[in-house]
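One-letter residues, chain by chain:
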2 protein chains.
Amino acid sequence: MSDRFEADYLIETPIDPARAAAVMAGEQSAGTFVKVPGETPELQARAGAQVTRLTPLETVEAPSLLGGMTGARYHRAKVTLSWPLDNIGPDLPNLMATVAGNLFELAQFSGLRLLDIRLPRVFGDVYSGPKFGIDGTRKLAGVADGPLIGTIIKPSVGLDPQQTAEVAGTLAEAGIDFIKDDELQANGPACPFDARVSAVMDVINAHADRTGKKVMYAFNLTGEVDQMRARHDYALSKGATCVMVSLNSVGIAGFLALARHCALPIHAHRNGWGYLSRAALLGWDYAAWSKIWRLAGADHLHVNGLQNKFSESDSSVIASAKSLLTPLFEDAPCIPMPVFSSGQSALQPPDTYRHLGHADCIYAAGGGIMAHPDGPRAGVAALRQAWDAARAGIPAATHAATHPELARALEAYRK
Amino acid sequence: MSDRFEADYLIETPIDPARAAAVMAGEQSAGTFVKVPGETPELQARAGAQVTRLTPLETVEAPSLLGGMTGARYHRAKVTLSWPLDNIGPDLPNLMATVAGNLFELAQFSGLRLLDIRLPRVFGDVYSGPKFGIDGTRKLAGVADGPLIGTIIKPSVGLDPQQTAEVAGTLAEAGIDFIKDDELQANGPACPFDARVSAVMDVINAHADRTGKKVMYAFNLTGEVDQMRARHDYALSKGATCVMVSLNSVGIAGFLALARHCALPIHAHRNGWGYLSRAALLGWDYAAWSKIWRLAGADHLHVNGLQNKFSESDSSVIASAKSLLTPLFEDAPCIPMPVFSSGQSALQPPDTYRHLGHADCIYAAGGGIMAHPDGPRAGVAALRQAWDAARAGIPAATHAATHPELARALEAYRK
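Given the structure is predicted, the values throughout are model-derived calculations rather than measurements.

**A closer look at the overall build of chain A**
Consideration 1: When its secondary structure is counted, chain A shows 17 helices and 13 strands.
Consideration 2: Relative to its length of 415 residues, chain A is compact, with a C-alpha radius of gyration of 23 Å against a globular reference of 22 Å.
Consideration 3: Taken across its 415 residues, chain A has 65% of its residues classed as buried.
Consideration 4: Residue pairs at least 24 apart in sequence account for 74% of intrachain contacts in chain A once pairs closer than 6 positions are excluded.
Consideration 5: Within the structure as shown, chain A displays about 13,400 Å² of accessible surface, and the carbon and sulfur contribution to it stands at 53%.

**Observations regarding the nonpolar core**
Consideration 1: Of all hydrophobic cores here, the largest spans 240 residues; its most connected members are Tyr9(A), Trp284(A), Tyr9(B) and Trp284(B).
Consideration 2: Residues within four places of Tyr9(A) in sequence aside, it is in contact with Met24(A), Ala77(A), Lys78(A), Val79(A), Leu81(A), Trp83(A), Val99(A), Leu103(A), Leu112(A), Arg113(A), Leu114(A) and Leu115(A).

**Considering the interface of chain A and chain B**
How large an interface is tends to be reported as the accessible area lost when its parts come together.
Consideration 1: Taken together, the contact between chain A and chain B spans 94 residues of the former and 94 residues of the latter.
Consideration 2: Regarding the contact of chain A and chain B, the summed buried area is about 7,200 Å², with carbon and sulfur atoms giving 58% of it.
Consideration 3: At the boundary of chain A with chain B, the tally comes to four salt bridges.
Consideration 4: Glu224(A) is the salt-bridge partner of Arg260(B), the closest N and O atoms lying 2.7 Å from each other.
Consideration 5: Taken together, chain A and chain B are joined by 32 residue pairs in polar contact (both at pLDDT 80 or more).
Consideration 6: The element contributing the most residues to the side of chain A that touches chain B is helix H9 (residues 247-259) of chain A, with nine residues.
Consideration 7: Partitioning the side of chain A that touches chain B into residue classes produces 43 nonpolar, 37 polar and 14 charged.

**Here's the deal with the environment of Ala235(B)**
Residues and elements named next belong to chain B.
Consideration 1: Within the fold, alanine 235 resides in helix H8 (residues 225-237).
Consideration 2: On the basis of relative accessibility, which here comes to 0%, the residue alanine 235 falls in the buried class.
Consideration 3: Setting aside chain neighbours within four positions, we find alanine 235 in contact with Phe193, Val197, Ala240 and Val243.

**Overview of H8(B)**
Consideration 1: Its 13 residues give H8(B) an end-to-end C-alpha distance of 18 Å, which sits within 8% of 18 Å, the value for a rise of 1.5 Å per residue.
Consideration 2: Along H8(B), the positions that sit buried rather than exposed are Val225(B), Met228(B), Arg231(B), His232(B) and Ala235(B). Viewed end-on, H8(B) has its buried residues packed into an arc of 130°, placing them on one side of the element. Exposed side of H8(B), more than 90 degrees from the buried face: Asp226(B) and Ser237(B) are the residues found there.
Consideration 3: Residues of H8(B) that are buried make contact with helix H8 (225-237) and H9 of chain A together with helix H7 (193-211), strand S8 (242-246) and helix H9 (247-259) of chain B.
Consideration 4: Downstream of H8(B) by one or two residues, Gly239(B) has phi in the positive range, about 90°.

**Overview of the side chain of Ser110(B)**
Consideration 1: On the secondary structure map, Ser110(B) appears in the loop between helix H3 (92-99) and strand S4 (111-118).
Consideration 2: A polar contact of 2.7 Å, which involves the side chain of Ser110(B), links it to the side chain of Glu12(B).
Consideration 3: If we skip the residues at most four places from it in the chain, Ser110(B) touches Arg278(A), Glu12(B), Thr13(B), Pro63(B), Ser64(B), Leu65(B) and Tyr74(B).

**A word on the packing of aromatic side chains**
Consideration 1: If you walk through the whole model with that rule in mind, you get 26 aromatic pairs over all chains.
Consideration 2: Taken together, the ring pairs connect Phe255(A), Trp273(A), Tyr286(A), Trp289(A) and Trp293(A) into an aromatic cluster.

**Some details on helix H1 (residues 17-27) of chain A**
Consideration 1: Burial in H1(A) covers these residues: Pro17(A), Ala20(A), Ala21(A), Met24(A), Ala25(A) and Glu27(A).
Consideration 2: For H1(A), the elements touching its buried residues are strand S1 (4-13), strand S2 (50-60), strand S3 (74-84) and strand S4 (111-118) of chain A.

**A closer look at the domain arrangement of chain A**
Residues and elements named next belong to chain A.
Consideration 1: Split by domain assignment, chain A resolves into domain 1 (4-126) and domain 2 (133-413).
Consideration 2: Relative placement of domain 1 and domain 2: their C-alpha centres are 35 Å apart.
Consideration 3: The interface of domain 1 with domain 2 comprises 24 residues on the first partner and 20 residues on the second.
Consideration 4: For the pair domain 1 and domain 2, the two sides together bury roughly 2,000 Å², of which 67% comes from carbon and sulfur.
Consideration 5: Per-residue buried area on domain 1 facing domain 2 is highest for Leu92, Arg113 and Arg121; these three make up 31% of the total on that side.
Consideration 6: Our enumeration of links across domain 1 and domain 2 arrives at three salt bridges.
Consideration 7: The salt bridge involving aspartate 285 is made with arginine 113; its shortest N-O contact spans 2.6 Å.
Consideration 8: On inspection of domain 1 and its partner domain 2, the count reaches 13 residue pairs in polar contact (both at pLDDT 80 or more).

**Brief notes about the pattern of salt bridges**
Residue and element names in this part refer to chain A.
Consideration 1: Going through the model one piece at a time under the given rule, you end up with 46 salt bridges over all chains.
Consideration 2: Where aspartate 177 meets lysine 213, a salt bridge forms, and the shortest distance between an N and an O atom there is 2.6 Å. With a gap of 36 residues between them, aspartate 177 in the loop between helix H6 (161-173) and strand S6 (178-180) and lysine 213 in the loop between helix H7 (193-211) and strand S7 (216-220) connect regions that are remote in the sequence.
Consideration 3: For aspartate 177, a relative accessible area of 2% puts it in the buried group.
Consideration 4: Each member of the salt-bridge network shares a partner with another, and the members are Glu6, Asp8, Arg53 and Arg118.

Conventions we followed
Residues numbered from 1 in each chain as written. Chains lettered and ligands numbered in written order. Predicted model: local features only at pLDDT ≥ 70, side-chain atom pairs only at ≥ 80, totals over all residues. Heavy atoms only, no water. Helix = DSSP H or I, 4+ residues; strand = E, 2+ residues; numbered from the N terminus. Rg over C-alpha atoms; globule rule 2.2 N^0.38 Å. Buried < 20%, exposed > 50% of the residue type's maximum accessible area, 1.4 Å probe, protein only. Contact = heavy atoms within 4.5 Å. Areas by Shrake-Rupley, 256 points an atom, 1.4 Å probe, with all protein chains shown as cover. Core = buried A, V, L, I, M, F, W, Y, C linked by side-chain atoms within 4.5 Å. Buried area = accessible area lost by both parts, 1.4 Å probe. Salt bridge = Lys/Arg side-chain N within 4 Å of Asp/Glu carboxyl O. Polar contact = N/O pair within 3.5 Å; in protein donor to acceptor, adjacent residues only side chain to side chain. Nonpolar A, V, L, I, M, F, W, Y, C, P; charged D, E, K, R; others polar. Expected span 1.5 Å × (residues − 1). Arc of directions from axis to C-beta. Phe/Tyr/Trp six-rings, centres within 6.5 Å; stacked < 30°, edge-to-face > 60°. Domains from an automatic or database assignment.

In structure tokens form, the structure reads like this:
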């Protein structure tokens, strides 16, 4: 594997899966739809992709995606392709065109999904991975143990800088560890980035001076490359300890331009993930997609949350979170902090902890904190109590008997 | 519309479509899953998204996408949302998070696809659009009229710089107007960018000196931002007249960093488009997606080709190509040159011209030129003859009677 890279796919095809896999390999390396002069056996040996594994799966009667070849039945299989590293070098943008380029729409397939990728170690020399990750984030946030209890500024958009700072102040007083901008709020004329950073950091710095606890606030600096770098510098100068970026809004080249410059943890938001993943037989599995961003330097990566407001199943959420713990390389694991978020409240910590097996995460709730009937302080307390109980193996209802904030939350957010 | 932006969606939902549309509007502006303190009527009026149109469509029995709410039937509708420009300002990266962020996976939807977007005129002040477009490309390529007959270096990957230059030389001798790197070839160790540019431009410049015709070669500079800018500068210094970039491999922030720096036409490759578009009730329509890249500065945009090797229908290909002709703004139309490519040969020009209604395009064939039985010169000639006939309203078979290259091509590529 050291001089080749690999990708796993789930495919569905009306033709022989082995033949379909050979088409993928040809299209994504040295082939085209007719034989051309320079396509020598020697060139094929040097630059051709290979089908290294093929595992037949079930057969179905109807195609998952329309428009391609048709047949009486459609065969699913798991396929692994491998390419010589010399085709692209250790290069993330160009890896995309090779493993996830012009293949999803090939006529031979009624389904094609990228499941995972494996890269040679040299990628870990070219790309830094998370500069902070779990340990660096814990240090900056002053949370040695347990989840960082986090929240999102709500309403998502519509507050001006001063109003945002007031909400941040309320949350800081409430005992929060982590606050993030909503992904809808970056640098709108009604809430410019610099003015927001300045107003919010005044509040956070004052709170830190008073209490010794510096709340980590992830400022959404999503924008063009020069803007992101300037915003990062400004946030750093004001004492901020985290920046946030929407991955699908900037793309990998823009992200790398930020990451190579960045001296703060990068909170990586995956909004748009639905269009990349929601069709079961198309697009990306989280394990493949997140590896690219992990390598590129994402310190925190969103994984949705259990019993979320979206359509994603709990098993998918947990699989995503666990995939982040898979080391990319033995000596360069590139492990980011998973961020649980979306419709979270004091209800989900027991299951989250049970499935995850650890508490190295950011656990973010919006309405789950701000809409606690006794206010945000009780909302934060209820989340901590829920996690404390989960980690101690105490049922939430038992813990709630002596913890009124948790009791009120369990009642208020009951589904 | 002047101070608001709009997006059209195709939705499918088991609940009342009006209620589902209201959820979208809330999620993508000032709402969350429970009411929070700052969510005042005044803030909603200022920052809330509105459902401005809802057109019910058919009802279906099975959901297109799984995982969300279920029902006895699923209602499809076309929905338009509008947002105050002040939520984001004229900002393309942040437009993405608003119109295409966390909504595709909302549980209320068993289908959600972004069809189109409409932006206030001020976007045209902040973003340049294509700097060259159709006219600028024609001037640089020396093709005043008719399509630019183009091709892709094949084999896609595996040739070294000298071998690439030899293929380019053969194609130049064959009378080609336009050559592009394959998207699989950018800066691999086996074919480094600078060495390839140097070798290829020696051949192209020499051919231009000899014949007066300078073939336009789109060098694939896909990479990180600083790499792309440096590669652009190197290509420009060697007399190149075009650069190419894989849009989904770099993303919008990286693309803008290149485009703002770029003094050559940008050939914008859409590889990966399949994962964004192939599920009928998910992702992006080309009209919406391409507007973002047009505004950002794409001079040439790929639209696939008729009777292509992929799963896309001819009507979809033509709809894509025609959507590029829709002006973004009356005084800043941002119209790029459509690129037809994929399994093209002398067979498809009549239909392409009939549907398109003009010949302002790059018409690229790989095997369709290189695998012509009488060689690439005959391949190029056959394509020109096919277009000449189409534009003159002469049936291809009639024209072939007096044009042997076309005759041989029609026979060789017959399906």
